Every structure is written in C-alpha cells, then in structure tokens.
Amino acid sequence: MADAIYSIDFTVLEFIHEHLSCGFMDVLMKIFTYAGNGGAVWIALTLILLFTKKHRRLGIAMAIGLVSCLVIGNLLMKNLIARDRPFIARPEILLAISPPSGYSFPSGHSFSSFVSAAILARYSSKAAAVAIPAAVLIAFSRLYFSVHFPTDVLCGTALGIITGLVVYRLVMTNQNNVTLENK
C-alpha cells in the first residue's frame, strides 16, 4: 500500500514539474511558499486581529488554531510518522528553494494555512474570498517545489479545516450558544 501511495505521490509531483514549471510560476510560488514559512502571514494577521478590540476574539481563535497546528502537526505527527521529504527520497530532485528541515508529513504550510482559512471563512465570507485562495496557493507551492508529497498537503489541509472548524466553534460561540459571525 505504501508503495502505491509513493507512486501516486511522485506521479503528481512529476506532472506538476513537467507541465506547470516556468519562470513566472517560480516567482509566484516563491511568494506564497515564503509567506507560509512558519505560518508567517497567518501569525501576522493573528497579531493584527489580537490588537483590535472588534476582532480580538477572532484573533484568539486564530492563535489557538495556529498553536494547535504546531503541537499536532509539527511536534507530534511529523515526529511520530517521520516521513522523508520527496527530495530526500529522490536525491535527483533539484530544488529551486532552500531545502526545508524536518519531516514531511503532514505539511505544516497546509495545516496552518487551512486552519486559518477555515476560521476566517466561518467568520466572514469576505475574509473567505481572500483566505481560501491564499491557503490553496500556499499549499500548492509546497508541491510545486517538491518539498512535500501530495498526501502531506492533503492531510495538512484536512487537519487544518477540521481543527479550524472545531476551534472556531469553541472560541467564537458565547455562553448563550450564539455564534458570533460577521457575514
């Protein structure tokens, strides 16, 4: 089963490399992959939200979501599963970005992006219109540069959405069970 998954993963990465790689995409994907490094764009947004009275509770939800990503994804799952990255498994893969350290599964960029996008999407359809495409592009950038397998990104995405929805419900619901939404 693991061999079949690796085969599909590498087939997808090869397709992306063969059919989508070009100078413009290299620049565009670098912007998104760097924005997602360490959850940077999401942490910056969280800090802004935390310092605004109107959106402080949303900032708290984002902070809890991002800390959950760190604990669940980076500290627990990556170390328990210990999956090598694609460029480690196949050293012939040449990287256009600096090689990230640590294990591959799940994708931290995808996890943090989708936990943030899920929380923002539940809060506001306007925020969703920006956060979801940004999360998709950040996650895709990890495939584009062959630093994650598709299954890493899919798992990170699923974990992010689930965690985001749970955190949103726990934090953004007041004592009377009324959801605070800004649709």
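First, a word on what this report is: a plain description of the structure on this page.

We now examine the overall build of the protein. When you go through the protein residue by residue, the secondary structure sums to 8 helices and 0 strands. Each helix (α) and strand (β) of the protein, taken in turn from the N terminus, gives the series α-α-α-α-α-α-α-α. Its C-alpha atoms give the protein principal-axis dimensions of roughly 55 × 35 × 25 Å. Buried residues in the protein amount to 42% of all 183 residues. Counting contacts in the protein only where the partners sit at least 6 residues apart, residues at least 24 apart contribute 77% of the total. Surface exposure of the protein reaches about 9,700 Å², of which carbon and sulfur atoms provide 68%. Of the charged side chains in the protein, 14 are positive and 9 negative, and the gap between their average positions amounts to 22 Å.

Examined against the element boundaries, Lys 78 turns out to sit in helix H4 (residues 56–81). A distance of 2.9 Å separates a polar side-chain atom of Lys 78 from the backbone oxygen of Tyr 103. Setting aside its immediate chain neighbours within four residues, Lys 78 contacts Gly 73, Arg 85, Tyr 103, Ser 104, Phe 105, Pro 106, Gly 108 and His 148.

Of all hydrophobic cores here, the largest spans 37 residues; its most connected members are Trp 42, Leu 58, Ile 119 and Met 172. Those elements that provide at least two residues to this core are helix H1 (2–20), helix H2 (23–36), helix H3 (40–50), H4, helix H6 (108–123), helix H7 (125–144) and helix H8 (150–172).

Attention now goes to the pattern of salt bridges. Applying the stated rule across the entire model yields 3 salt bridges. In this structure, Asp 9 and Arg 83 form a salt bridge, with 2.6 Å as the shortest nitrogen-oxygen distance. With Asp 9 in helix H1 and Arg 83 in the loop between H4 and helix H5 (86–89), this residue pair connects regions lying 74 residues apart in the sequence. In this structure, Asp 9 and Arg 83 share a single accessibility class: buried. For the salt bridge of Arg 90 with Glu 14, the shortest nitrogen-to-oxygen distance reads 2.8 Å. Taken as a pair, Arg 90 in the loop between H5 and H6 and Glu 14 in helix H1 lie far apart in primary sequence, 76 residues in all. Accessibility expressed as a relative area gives 37% for Glu 14, which makes it partly exposed. Ionic contacts of the salt-bridge type, sharing partners, join the residues Asp 9, Arg 83 and Asp 152 into one network.

How each quantity is defined
Throughout this document, residue positions are counted from 1 along each chain, in the order its sequence is written. For a predicted model such as this one, the threshold for reporting local features is a pLDDT of at least 70, and the threshold for listing and counting side-chain atom pairs is 80 or more; totals across whole chains, interfaces and linings nevertheless cover every residue. Side-chain metrics rest on all non-hydrogen atoms present in the structure, leaving aside hydrogens and water. Comment: elements are numbered from the N terminus, with helices defined as DSSP H or I runs of at least four residues and strands as E runs of at least two. Only protein chains enter the accessibility calculation, which uses a 1.4 Å probe; a residue is then buried when its area is under 20% of its type maximum, exposed when over 50%, and partly exposed in between. In what follows, residue pairs with any heavy atoms lying within 4.5 Å of each other are defined as contacts. Working definition of accessibility: Shrake-Rupley area with a 1.4 Å probe, residue cover restricted to the visible protein chains. In summary, the charge assignment counts Lys and Arg as positive and Asp and Glu as negative, without counting His or the chain termini. All charge positions are set by atom: Lys at NZ, Arg at CZ, Asp at CG, Glu at CD. Here a polar contact means two N or O atoms within 3.5 Å. Within protein one must be a hydrogen donor candidate and the other an acceptor candidate, and residues neighboring in sequence count only if both atoms are side-chain atoms. We call a set of buried Ala, Val, Leu, Ile, Met, Phe, Trp, Tyr and Cys residues a nonpolar core when their side-chain atoms join them within 4.5 Å. Think of a salt bridge as a Lys or Arg side-chain nitrogen and an Asp or Glu carboxyl oxygen that are within 4 Å of each other.

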